[in-house]
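# Architecture at a glance
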Amino acid sequence: MKLNPYIKPKFGSTFFVMLDVIIALLPMVAMSWLAFGMKALAVTAVSVAVCLITDIVFSAVILKRIQLSFDLSAVITGLLLAFTISPVTPLYVVAFGAVMAIVFGKIVWGGTGKNKFNPALVGRELMTVFFASVMTSSSIWNTKNFININTTEFFSSIGLNSNSSYWESLIYKTLGAIGEYSAACIAVGGLYLLLRKRISWHIPSAIFIVFILLSWIISYEGDFKFSISGLLLGAIFMATDMPSSPISMKGKLFYGSMIGCVAFAFILGGISNEYMSYSILLLNGFSPKINELFKPTAWGNKREYCSFIENISKLILIILVFAFAIISLYHYQMIKYVVYLYIVFTVLKFNYSFSKKINSPI
């Protein structure tokens, strides 16, 4: 967490920020245990433990910063990674994803607060590429035989039978990834973070409003399916990752709006499961440019709005071009090559930065 040298807000250290995020995530852990018992808890525990161990080892050996491993950021990465996968995912695949999330989502960029992409989503996509047969298999998503408690009857028990099944599904359901079993718990966690001022409303609201508005306006009649829990989880806990998201309020609104737009385009383009991951990672890549465009003007200076609108229009066009390129790569099963390029790029970048640091004069 980057702070000006003489500004130290109460309970504003990285540790306390991360602790609040963990508290906000705990209700989803509880709901996953309710849904799938020890299977969900085992996946979550392995993900968190391996993320923490990997962070400690690589931070000590490569970054020479042992203390940064205890800021709880690795715990959050482990939780969020677990929340994106099935409760019956093989534990060795979970462990692989956790290592990849820390190494290629965090360490190669320099550690805590320097990552350019959401580490949990990076780990998730590397799992999908290197264990494609496992991650895309219907067997790990067909979890009916492993359900611990199938449903709740909260609304019907208090006499509200009209549309009770829909409202019950928002509180508790047993479909999807580990973090998607309760939209209500996700929303409560997000509200807690808002009240604690750990996130702002701009990114989640922009994502949700744009996505739902496009769904309503276009009224797509095809197979348009999405998870409201997955949308909320991505909007509240993934897209708001501080190092990989814009700084200014207007930048956050633009960033969130484009995530919502791109996620909608991905669903229309046939990307049924990875639409939130791809859209967030894509906009992560444009976050520095968004920061640049929405940088506050110096006192006394006026923004050149014609030039600003032109630059924003160009950026929107470029983002949409990349989005349609991703859709094409997805259908030709070439996303894996993008992941390979990312690995090569980050390794080369890290080696260059590391050698430059060693060779620099003291």
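Remember, it's a predicted structure, so these values are computed and weren't measured experimentally.

Our focus in this paragraph is the confidence of the model for the protein. Taken as a whole, the protein shows an average pLDDT of 88; of its residues, 87% reach a score of 70 or greater. Averaged pLDDT values over the elements of the protein bottom out at 50 in helix α6 (residues 154-157) and peak at 98 in helix α3 (residues 91-105). Note that residues 1-11 has pLDDT below 50 and, in this model, eight contacts with residues that lie over four places away or in other chains.

Right, let's get into the side chain of S287. When you line up the elements, S287 lands in helix α12 (residues 275-293). Dropping the residues within four chain positions of it, S287 is found in contact with S244, S245 and P246.

With that settled, the discussion passes to helix α9 (residues 202-218). With 17 residues, α9 should reach 24 Å at 1.5 Å per residue; the first-to-last C-alpha distance of 24 Å fits that figure. For α9, every residue scored as buried is listed here: H202, I203, P204, A206, I207, F211 and S215. Buried residues in α9 make contact with α10 (228-238), α11 (249-268) and α12.

Under the definition given, this model contains 17 aromatic pairs. Ring geometry for F211 against F264: centres 6.2 Å apart, planes inclined by 85 degrees, an arrangement best described as edge-to-face. With F211 in helix α9 and F264 in helix α11, this pair connects stretches of sequence that are 53 residues apart. A ring pair is formed by F254 and F294, whose centres lie 5.5 Å apart and whose planes are at 40 degrees; its orientation type is tilted. Taken together, the positions of F254 in helix α11 and F294 in the loop between α12 and α13 (305-331) put the pair 40 residues apart, joining distant regions of the chain. As far as the burial class goes, F254 and F294 line up, both buried. Each residue in the set Y92, F96, F130, F131, Y337 and Y340 is aromatic and connected to the rest through ring pairs, giving one cluster.

Here is what the cut-offs are and how they apply
- The residue numbers shown here count from 1 along each chain, following its written sequence.
- Thresholds applied to this predicted model are a pLDDT of at least 70 for local features of residues and 80 or more for the giving and counting of side-chain atom pairs; totals over whole chains, interfaces and linings are not thresholded and use all residues.
- Hydrogens are left out, water is left out, and the side-chain values use all remaining heavy atoms of the structure.
- Along the chain, pLDDT gives the predictor's confidence residue by residue, from 0 to 100.
- By the criteria applied, helices consist of DSSP H or I runs no shorter than four residues and strands consist of E runs no shorter than two, each listed in order from the N terminus.
- Only heavy atoms matter for contacts: two residues are in contact if any of them lie within 4.5 Å across the pair.
- An expected span of 1.5 Å times one less than the residue number is assigned to each helix.
- Only protein chains enter the accessibility calculation, which uses a 1.4 Å probe. A residue is then buried if its area is under 20% of the maximum for its type, exposed if over 50%, and partly exposed in between.
- Aromatic pairs are defined between Phe, Tyr and Trp rings, using the six-membered ring for Trp, whenever the two ring centres lie within 6.5 Å; interplanar angles under 30 degrees are classed as stacked, those over 60 as edge-to-face, and all others as tilted.

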